[in-house]
Amino acid sequence: AEINNRIDALIAEAELMSQVSDQVEQDETLAKSYDWRARLRPKRGGEDLFYQKTQDGDNRDYLLKPIKESGGMVWQYTPQIMVQGQTNYAQAHMQGMNYQINTYQNSTPPMLPVTSDFTANNIYEARYLLAIFTFLRICGKGTFGDQAVKEGNYGRPPPVLLFEYLGDHMFNKVPVVMTSYSIMLQEEVDYVPVKVGDKVTHVPTRTNIMVNLEPTYTPQKLRRKFNLDKLTSGEAYKDGFI
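In short, a report on the structure.

1. Some thoughts on helix α5 (residues 123-139)
The terminal C-alpha atoms of α5 lie 25 Å apart, and with 17 residues this matches the ideal 24 Å at 1.5 Å per residue to within 8%. When you tally the buried positions in α5, you get 13 out of 17 residues, the bulk of the element. Looking at where α5 begins, the residue whose side-chain oxygen comes 3.1 Å from the main-chain nitrogen of Y124 is N122.

What follows is the structure in structure tokens.
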């Protein structure tokens, strides 16, 4: 009897999923093809400044060329993300009290640790992995030194990037800064050569990369565009609030 009941439940579930599938196929919005992969990219207008080419400024092969062609750093596999926001309260204790009095201070948007494996199964993937290594190196660095003074861009901080993943109401053009990253260079995997110009670099055929992202908003945007009602209704996704 239990087996028959379980079979009936599975049949009913399959029929329900079939109905949902039919609704998805008929919905014009859902029928469109969207790229929902995790992507980290510079803002529009500053891409050429971020994606430096060769020192001579020509269009030969350069380290970040694959990432520019893909519109930013695209995660090869579905990443693991731990979303954890925080609300801060000040606690007041009086003599003899058994419970504290909480006074709201502020809220902190969730940090976004993004972890995933990357593999190099062919020449293109190995070349893309090398571009990712370079991308992560420069995301957390500002301009400094005599060359920056000579070019007139000294004192420029690390860039504010945009993180996109899973569609409109998840991570839609969230402005972030990269606070840290880690790349696992394991000893039990093979390393393959990658050629850029006349230089050769070896990259692992499999590695794990973790990138820590922190949402960051300008004071003007917070003051003028943040609205709790719009965040509740979902309209605030257009401004990158999470």
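2. Notes on the nonpolar core
Grouped burial of nonpolar side chains is what soluble globular proteins tend to show. With 40 residues, the main nonpolar core has L40, I67, M73, W75, F135, F163 and L213 as its most contacted residues. Top element by residues in this core is α5. It accounts for 10 residues. When neighbours within four sequence positions are excluded, L40 is seen to be in contact with G72, M73, W75, F135, L161, L162, F163, V176 and L213.

3. Quick look at a nonpolar patch on the surface
A cluster of nonpolar side chains, namely L222, F226, L228 and L231, defines an oily patch on the protein surface of about 350 Å² accessible area. Note that L228 resides in helix α8 (residues 228-233). For L228, a relative accessible area of 55% corresponds to the exposed category.

4. Some points on the pattern of salt bridges
A side chain with one charge may pair with a side chain of the opposite charge, provided their charged atoms come close. This model, assessed by the stated rule, comprises seven salt bridges. Its salt-bridge partner being R127, residue D61 comes within 3.0 Å of it at the nearest N-O pair. One end of the pair, D61, is in the loop between α3 (47-50) and α4 (65-69); the other, R127, is in helix α5, and 66 residues separate them in sequence. Residue classification places R127 among the buried positions, given a relative accessible area of 10%. D239 is the salt-bridge partner of K225, the closest N and O atoms lying 3.9 Å from each other. In this pair, K225 sits in helix α7 (residues 219-225) while D239 sits in the segment after α8, placing the two residues 14 residues apart along the sequence. You can call K225 partly exposed: its relative accessible area is 45%. Each of R39, R41 and E164 takes part in a single network of salt bridges with overlapping partners.

5. A look at the packing of aromatic side chains
Overall, the coordinates contain 11 aromatic pairs when judged by the stated rule. Taking 6.5 Å as the distance between ring centres and 10 degrees as the angle between the ring planes, the aromatic pair formed by Y165 and F171 counts as stacked. The same class applies to Y165 as to F171, namely buried. Each residue in the set W36, W75, F163, Y165 and F171 is aromatic and connected to the rest through ring pairs, giving one cluster. Positioned above the aromatic ring of F241 is the side chain of K221, whose terminal nitrogen or guanidinium carbon lies 5.8 Å from the ring centre.

Cut-off values and rules
Residues numbered from 1 in each chain as written. Predicted model: local features only at pLDDT ≥ 70, side-chain atom pairs only at ≥ 80, totals over all residues. Heavy atoms only, no water. Helix = DSSP H or I, 4+ residues; strand = E, 2+ residues; numbered from the N terminus. Expected span 1.5 Å × (residues − 1). Buried < 20%, exposed > 50% of the residue type's maximum accessible area, 1.4 Å probe, protein only. Polar contact = N/O pair within 3.5 Å; in protein donor to acceptor, adjacent residues only side chain to side chain. Core = buried A, V, L, I, M, F, W, Y, C linked by side-chain atoms within 4.5 Å. Contact = heavy atoms within 4.5 Å. Patch = residues over 30% accessible without salt bridge, like charges linked within 9 Å, V, L, I, M, F, W, Y side chains within 5 Å. Areas by Shrake-Rupley, 256 points an atom, 1.4 Å probe, with all protein chains shown as cover. Salt bridge = Lys/Arg side-chain N within 4 Å of Asp/Glu carboxyl O. Phe/Tyr/Trp six-rings, centres within 6.5 Å; stacked < 30°, edge-to-face > 60°. Lys NZ or Arg CZ within 6 Å of the ring centre and 35° of its normal.

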